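Listed below are the residues making up each chain.
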Amino acid sequence: MSVSRQNFIGGAGRDGSSGRMIKVFNPATEDETCRVPDSSWQDVNTTVKVAEQALVDWRDVPPISRCRILMRFRELLEKNRSEISGWISKEHGKTREDASAELSRAIDVLEFSCGIPQLLKGEHSHHAARDIDCWSMMLPVGVCAGITPFNFPAMVPLWMVSIALACGNTFILKPSEKDPSAPAIFPELLKEAGLPDGVFNVVHGSAESVNAILDHPGIGAVSFVGSTPVAKHVYERGSAAGKRVQALGGAKNHAVVLPDADMDMVADQLAGAAYGSAGERCMAISVVVAVGDEVGDQLAERLSEHARSLKVGAFDTQPDLGPLITMEHREKVLGLVDSGVKEGARLLVDGREASFERGSFLAPCLFDYVEQDMAIYQQEIFGPVLCIVRVSNYQQALDLIASNQYGNGSAIFTGSGKLARHFCEHADTGMVGVNVPIPVPVAWHCFGGIKQSLFGPLHMHGPDGVRFFTRMRTVTARWPENLIGQRDANLNIPEVK
Ligand code: NAD
């Protein structure tokens, strides 16, 4: 049965003003799961006013007290883990285990945020100059907003919300309209945890609400995660409106495999990294760079076995992977698979052959002998399609990564410490794995790519997350008593003597 959802503004549910509703579907069954408002500029404007009002008190709540609310929220997330994971699986299609793991990674960032008093201490210089003290204060930015993608409907919003609230900001979340039900649970739980009304708000919608957020003068910072064209748009439009913006985009993550790697272990790891969550992860491995034909042959054989053995199905049938997010996206992925065949890559495992009664399922596909100029190499596929590119040496593998437009993550599989160390320094991506296929950093380190995978200087969570959601103010102070008898105006820039 489909549920009708509202926006959550100022501590209560509110209908959207446009009257338009967006239908959300279970991608495994094509049944409607819910409807959310397609919010307008007016809805965003109302929410900003409410968030501005709530900011007046919230920014002065001591950080430790803000953390206590977040700690209670953490307990409520655990209590509601099953319901939240259930909605993720139902609307995204990923397995229950994967949905629950996503929530765990989200909770990691929440736990990191609960240490915010330590992270907001700033710096202090006693006697910076004679009788002068100097210190920095990390203040909230103000009203902040987050715009999030479908592939991690709980984790990505909580990357942003946890740190932003801990830093004393108020927040407006515009979740993905493809799977909005899991994040729609958060405001109720935050309210139950004791968060004052108006501090956290959810506005559902599509491009109109996103553009309203980007243009609104009352919003100081926008954090975005999604595809590269939209990330670029968000970065340019939000920056032009004078906001601080971080916009994470798409990816094409390469795993370089050297001849000394343990091929059985590598194949196990790569199958999970490529086909898990139907390949709809920004850190999925989509390109295997086999260094030497022997490595290529061994991986082609092992990965073919894996790809053929994986069970595809709805989350309640204990599958290895579920459906793609929509039929439309499935068509796009199929089009790319067709183009790979036309352009001459060898399709070792053809997932198109598996048939399904309904739902946007696609079984794993594996290509070998993929060339750099093919569309399946150039474009982000975001589906269960793995490409093997063969190169003759390690340097060619590095050059391939460097010339790719994306720079989210990369990985190397080797027993050589020397080459692994070289790779960490020279692989042209924001995150690197050594014998780790999905190098998603832990919450207290930063997450983010380079090139077309990130617009803006600051990464997500970790110390960068705190920098993004705070404004630095530096104070230089001398007390009036010190000024007695100093009547001569000095027109030079003061020197420390
Ligand atoms: P998307 O760009 O289509 O949507 C992301 C958000 O932008 C949604 O909230 C959506 O409503 C909004 N949006 C979409 N089109 C818009 C438009 N024309 N104008 C204004 N707003 C618009 O992305 P998606 O399909 O939901 O998510 C998948 C993409 O996200 C993939 O490219 C994936 O690589 C990327 N992603 C990147 C990371 C990362 O860390 N770099 C993490 C997760 C996902």
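Right above here is the structure, for reference.
The structure displayed is predicted, hence computed values, not measured ones.

Asks: Provide a residue-level description of the overall build of the protein chain, including the pertinent values.
Replies: The secondary structure content of the protein chain amounts to 16 helices and 23 strands. Over its C-alpha atoms the protein chain spans a radius of gyration of 25 Å, differing by no more than 12% from the 23 Å that the globule rule assigns to 497 residues. Its C-alpha atoms put the protein chain at 85 × 60 × 40 Å along the principal axes. Within the protein chain, the proportion of its 497 residues that are buried is 58%. For the protein chain, long-range pairs separated by at least 24 residues make up 72% of all intrachain contacts whose partners lie at least 6 apart in sequence. Within the structure as shown, the protein chain displays about 20,900 Å² of accessible surface, and the carbon and sulfur contribution to it stands at 51%. Across the protein chain, the centroid of the 47 positively charged side chains sits 6 Å from that of the 59 negatively charged ones.

Asks: Describe the packing of aromatic side chains, naming the residues involved and giving the relevant values.
Replies: Per the stated rule, a full pass over the model turns up 8 aromatic pairs. Look at Phe 150 and Phe 382: their rings are 5.9 Å apart centre to centre, the planes differ by 85°, and that puts the pair in the edge-to-face class. Here the residue Phe 150 occupies a position in the loop between strand 8 (143-147) and helix 6 (155-166), and Phe 382 occupies one in the loop between helix 13 (375-378) and strand 17 (385-391), the gap between them amounting to 232 residues. The exposure classification of Phe 150 matches that of Phe 382, with both residues buried. Every member of this aromatic cluster is reached through a ring pair, and the members are Phe 171, Phe 200, Phe 468 and Phe 469. Sitting above the plane of the Trp 87 ring, Lys 90 keeps its charged end 4.7 Å from the centroid.

Asks: Describe the packing of helix 8 (residues 207-215) against helix 9 (residues 228-240), listing the residues and the values that go with them.
Replies: Two elements in contact, helix 8 and helix 9, have axes whose closest approach is 8 Å; the angle formed by their N-to-C orientations is 35°. Along its contact with helix 8, which presents Val 210, Asn 211, Leu 214 and Asp 215, the element helix 9 presents His 233, Val 234, Arg 237 and Gly 238. A per-class count over the contact of helix 8 with helix 9 returns 3 nonpolar, 3 polar and 2 charged.

Asks: Could you give an account of helix 10 (residues 263-275), naming the residues involved and the relevant values?
Replies: When the terminal C-alpha atoms of helix 10 are compared, their 18 Å separation across 13 residues agrees well with the 18 Å that a helix rising 1.5 Å per residue should span. Taken together, the buried positions of helix 10 are Met 263, Val 266, Ala 267, Leu 270, Ala 271, Ala 273, Ala 274 and Tyr 275. Where the residues of helix 10 are buried, they touch strand 13 (253-257), strand 14 (285-291), helix 11 (293-309), strand 16 (365-368), strand 17 and strand 19 (409-413). Capping the start of helix 10, Asp 262 holds a side-chain oxygen 3.1 Å from the backbone nitrogen of Asp 264, two or three residues further along. Downstream of helix 10 by a residue or two, Ser 277 has a phi angle that is positive, lying close to 55°.

Asks: Tell me about the sheet that holds strand 14, and name the residues and values.
Replies: Two orientations exist for strands paired in a sheet by backbone hydrogen bonds: parallel and antiparallel. With mixed pairing, 7 strands are arranged side by side in an open sheet as 15-16-17-14-13-19-20. With one partner strand each, in any of the chains shown, strand 15 (346-349) and strand 20 (431-434) form the two edges of the open sheet. In this sheet, adjacent strand axes meet at a mean angle of 20° when their direction is disregarded. In the sheet, strand 13 pairs with strand 19 via 4 bridges, with the strands oriented parallel. Among the inter-strand pairings, His 254 is bridged to a residue of strand 19, identified as Ser 410.

Asks: Can you explain the nonpolar core? Please cite residues and give values.
Replies: Counting residues in each nonpolar core, the largest one holds 65 residues, and the members touching the most others are Val 256, Val 257, Leu 270, Leu 303, Val 370 and Ile 376. Ranked by residues supplied to this core, first place goes to helix 10 with 8 residues.

Asks: Quick one: what's the story with the pattern of salt bridges, residue by residue and with numbers?
Replies: Scanning all chains against the criterion turns up 22 salt bridges. Two residues, Arg 74 and Glu 78, come together in a salt bridge whose shortest N-O distance is 3.8 Å. You can see Arg 74 and its partner Glu 78 sitting in helix 2 (residues 63-79), 4 residues apart, about one turn around the helix. Classification of Glu 78 by relative accessible area gives partly exposed; the value is 28%. Ionic pairing is found between Arg 390 and Asp 368, a salt bridge with its closest N-O pair at 2.8 Å. In this pair, Arg 390 is assigned in strand 17 and Asp 368 in strand 16, connecting sequence segments 22 residues apart. Using a relative accessible area of 17% as the deciding quantity, one classes Arg 390 as buried. By relative accessible area, which is 3% here, Asp 368 ends up buried. Several salt bridges converge on common partners, so that one network encompasses Arg 74, Glu 75, Glu 78, Arg 81 and Glu 111.

Conventions we followed
- Residues numbered from 1 in each chain as written.
- Predicted model: local features only at pLDDT ≥ 70, side-chain atom pairs only at ≥ 80, totals over all residues.
- Heavy atoms only, no water.
- Helix = DSSP H or I, 4+ residues; strand = E, 2+ residues; numbered from the N terminus.
- Rg over C-alpha atoms; globule rule 2.2 N^0.38 Å.
- Buried < 20%, exposed > 50% of the residue type's maximum accessible area, 1.4 Å probe, protein only.
- Contact = heavy atoms within 4.5 Å.
- Areas by Shrake-Rupley, 256 points an atom, 1.4 Å probe, with all protein chains shown as cover.
- Lys, Arg positive; Asp, Glu negative; His and termini not counted.
- Charge placed at Lys NZ, Arg CZ, Asp CG, Glu CD.
- Phe/Tyr/Trp six-rings, centres within 6.5 Å; stacked < 30°, edge-to-face > 60°.
- Lys NZ or Arg CZ within 6 Å of the ring centre and 35° of its normal.
- Axes fitted to C-alpha atoms, helices over the stretch in contact; angles between N-to-C directions.
- Nonpolar A, V, L, I, M, F, W, Y, C, P; charged D, E, K, R; others polar.
- Expected span 1.5 Å × (residues − 1).
- Polar contact = N/O pair within 3.5 Å; in protein donor to acceptor, adjacent residues only side chain to side chain.
- Pairing = 2+ DSSP bridges.
- Core = buried A, V, L, I, M, F, W, Y, C linked by side-chain atoms within 4.5 Å.
- Salt bridge = Lys/Arg side-chain N within 4 Å of Asp/Glu carboxyl O.

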